[in-house]
Amino acid sequence: MLPRKEEPPVSNPVLMEVVDDIAVIAIANPPVNALSHAVRSGLDAAFAEIARRDDVKAVVIYGTDRTFIAGADIREFGKPPQEPFLPDLINRIEACVVPVVAALHGTALGGGLEVALGAHYRVAVPNARFGLPEVTLGILPGAGGTQRLPRLAGVEFALEAITSGRQISADEALKAGVIDRISDTSDVREMGLTYARELVASGATPRRTSELSPVPVAAEVFDAARTRLAKKARGQLAPQNCIKAVEGATRLSFAEGLANERALFQELMESDQRAALIHAFFAERQVAKVPEIKDVAPRTIDQIGVIGGGTMGAGIAVSALLAGLQVTLIERDADAVARAEANVSKTLQGSVKRGKLSQENYDAIMGGTFRASDDYATLAEADVVIEAVFESMEVKKDVFTKLDAICKPGAILASNTSYLDVNEIAAMTSRPEDVIGLHFFSPAHVMRLLEIVVADKTAPEVTATGFALAKRLKKVAVRAGVCDGFIGNRILSHYRKAGDGAVLAGASPFEVDRALVNFGLAMGPYAVSDLAGLDIGWATRKRLAPTRDPREVYAEFADRLCEAGHFGRKTGKGFYVYGEEGQVPNDEVLEHIAMERAAKGIAARKISEQEIVDRYMAAMVNEAARVVEEGIALRPLDVDVTLLNGYGFPRWRGGPMQYADTVGLDKILADIERFAQEDDFLWQPASLLKRLVAEGKTFADLNNA
Ligand code: CAA
Ligand code: NAI
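Residues numbered from 1 in each chain as written. Chains lettered and ligands numbered in written order. Predicted model: local features only at pLDDT ≥ 70, side-chain atom pairs only at ≥ 80, totals over all residues. Heavy atoms only, no water.

## Here we look at the sheet that holds strand β8 (residues 168-169)
Pairing in this open sheet of three strands is mixed, and the strands run β5-β7-β8 from one edge to the other. Taken across any chain shown, the strands that pair with only one partner, and hence form the sheet edges, are β5 (107-109) and β8. Strand direction decides the pairing type here: β5 and strand β7 (residues 129-131), joined by three bridges, are parallel. Along β7, the bridge assignment pairs threonine 107 with arginine 129. Packed on one face of the sheet, helix α3 (residues 111-118) meets β5 and β7 and runs near 85 degrees to β5. (Pairing = 2+ DSSP bridges. Helix = DSSP H or I, 4+ residues; strand = E, 2+ residues; numbered from the N terminus. Contact = heavy atoms within 4.5 Å. Axes fitted to C-alpha atoms, helices over the stretch in contact; angles between N-to-C directions.)

Set out below in structure tokens:
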């Protein structure tokens, strides 16, 4: 007998009560009512009891607190599965002989939506959201979703929803037939009960989705999806398996389609891609868990100041404005103010066009929420000021001296510097405890990553405010320590050298780019530097030249391009030429490289695609290990989140540290030792890597420590 609602045992997440002749099942498994083993068992027991009783005329399932079921319990993935299995449970729900109503609010996702599809009737509150996001976790809806959704909402709708994993609004779900009605009753339990009473009164019977036949579609629909996703989701297994599963629904019986879905699901469950994507999911939540700010309340943020309205300043201003914050932007003079205003306005208009901002809100922003000025005094009331002026210590020191004089006590003074020493910047003020690095990525209103650079004297409350601001801006924040380039750019500088090393040894920059794009990076490193502007890296190399170790093999070919005035896309030429034919390799680069090899006495050899990837990844992982060892990143997972969200690392590989664990740290170390035979200065193994290999441990062991 299932426990009654009035006397629940503490650990039971599924409670049933019978109200008149309706069984009401509440799922209470905070925070998101995931379908853990206990929830599945509880639901199974509830339906077993309903089957035994003859006084139940209908059933309502709902979720307590903030949501209906948000999916399978992802924490159970990779562990031995325990009965009852979800597909069997949903079949059991569907087989129920009295009408079953799913009353939906919050997010009915994955296995949660599959439970709802197994119910016979679905009612939702207006702001409920639905989706089958499994593909984003490297799997597919494995509890009948690929069979029931095409039957209910049409094959093309299901194919798009399942292969994209996107969330669907209640309105769209109603239109597509995923749900039967929208109700604005504020009490979800009551909403379900009302619908169930109506069904009982009208003599409605169970309506089983599995008994419908999907409307057939042309085979080309699947072929087109396969081609599109082979390009869009390059290298990924899950989208292709999703297509096969939905296709199965159109040519197999329901039972055979389920078995087909199961086999395709199992294949994905066992893949490294599934492990990597789930690692990414949890890592992105874990990064916010920073010991020094546990239980520390952030300061209030309403007004933001931004200094500099160039590429970054304008983007940061837009990001804050879209989050509803007040922004005052400071530029050097009236002309620069006008340019900055125009930049911000143009970007916001783009948001209006894409439907991300209403015209009314745009007007409100340009009518007062956003102000631009050349007078620093207008920052007197700002809660956080983010400096994004030229990457020059002298200019930044001047700005921080002014800010210290003007800003109110308790205001947070932040720098968006890419490489410079935040301690040195903080020392220019009388309040180093209020100074922090907030390192955005370009374009700042689009890129999700925010490195929060904690200097020696930064107060925990200021760090906590940085994380709170990131959340408001819908960014993923990673804590970083102070060093040249923090987490991401420091690692980038190192693996870029490995790319240059591969070029000096015999590869062309175009081969390096191709190998890494085939590996899964969004763009190759040389195409990226063309996009960012070759002058930026050049300036950094010149800045660091006096401290460069004489043992370093310094690749000069990028400098030769810059000396010739080729800065990449912005000048129409860099590693590639940008013209009417799009992006084509610049042959001049090969001449510079050949000359440099000759001067250095290097005989070029063929470098395979695999060797390019091995070099690149070994360098990335090695420097990342140092970054973790020195405490610049708190854990390996912080490095993964940084590279995934700021540097185009393929999510389905989980980040460099997850990749290293997957191929084996011993293999990475062996590669480093092999490459060291050619250049033992660049390829010095990090002591953390050596220690982990000696102890037979992984980076994941450090994440979990
Ligand atoms: N399983 C286990 N834990 C989960 C979870 C899940 N499905 N979904 C969320 N959580 C956890 C998070 O890790 C987080 O835990 P901590 O507080 O310890 O960090 C907590 O719940 C809250 O999550 P969020 O911080 O993400 O909360 P949010 O309000 O911002 O978002 C959400 C809520 C939209 C449900 C979001 O968490 C989400 O997208 N979750 C994943 C949903 C999903 O992918 N479901 C499909 C699962 S796969 C499946 O169902 C396969 C199948 O066919 C059987
Ligand atoms: P930018 O050259 O596009 O813009 C800098 C702006 O600052 C200019 O508009 C300039 O007029 C203004 N400025 C200079 N001195 C000023 C002063 N004293 N007061 C007010 N305004 C002043 O440069 P960008 O690319 O926006 O970079 C700014 C900062 O952001 C740098 O520190 C850079 O390292 C960092 N950054 C840049 C990224 C990029 O991809 N461009 C990415 C992340 C950080």
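## Observations concerning the pairing of strand β3 (residues 58-63)
Two faces belong to every sheet, and in a regular strand the side chains alternate between them. Across the six residues of β3, six count as buried, placing the element largely inside the fold. What you see with β3 is no split at all: Ala58, Val60 and Tyr62 on one side and Val59, Ile61 and Gly63 on the other are buried throughout. Alignment of strand β2 (residues 22-27) against β3, held across six bridges, turns out to be parallel. By the bridge assignment, isoleucine 25 is partnered in β3 with isoleucine 61. In this fold, the crossover linking β2 to β3 by way of helix α1 (residues 37-52) has right-handed handedness. The β-α-β motif built from β3, the intervening helix α2 (residues 86-95) and the parallel element strand β4 (residues 100-104) has right-handed crossover chirality. (Buried < 20%, exposed > 50% of the residue type's maximum accessible area, 1.4 Å probe, protein only. Right-handed = clockwise from strand over helix to strand, strands pointing away.)

## Topic: the nonpolar core
Counting 97 residues, the largest nonpolar core has Val639 and Phe699 as its most contacted members. Here this core takes 12 residues from helix α24 (residues 609-629), the largest share from any one element. Lining this core are residues from two domains, each supplying at least three of them: domain 2 (301-480) and domain 3 (488-703). With residues near it in sequence (within four places) discarded, phenylalanine 699 still touches Val621, Ala625, Pro636, Met657, Ala660, Asp661, Leu665, Leu688, Leu689 and Leu692. Listed in part, the 87 residues of the second largest apolar core include Ala143, Ala158, Leu199 and Ala225. (Core = buried A, V, L, I, M, F, W, Y, C linked by side-chain atoms within 4.5 Å. Domains from an automatic or database assignment.)

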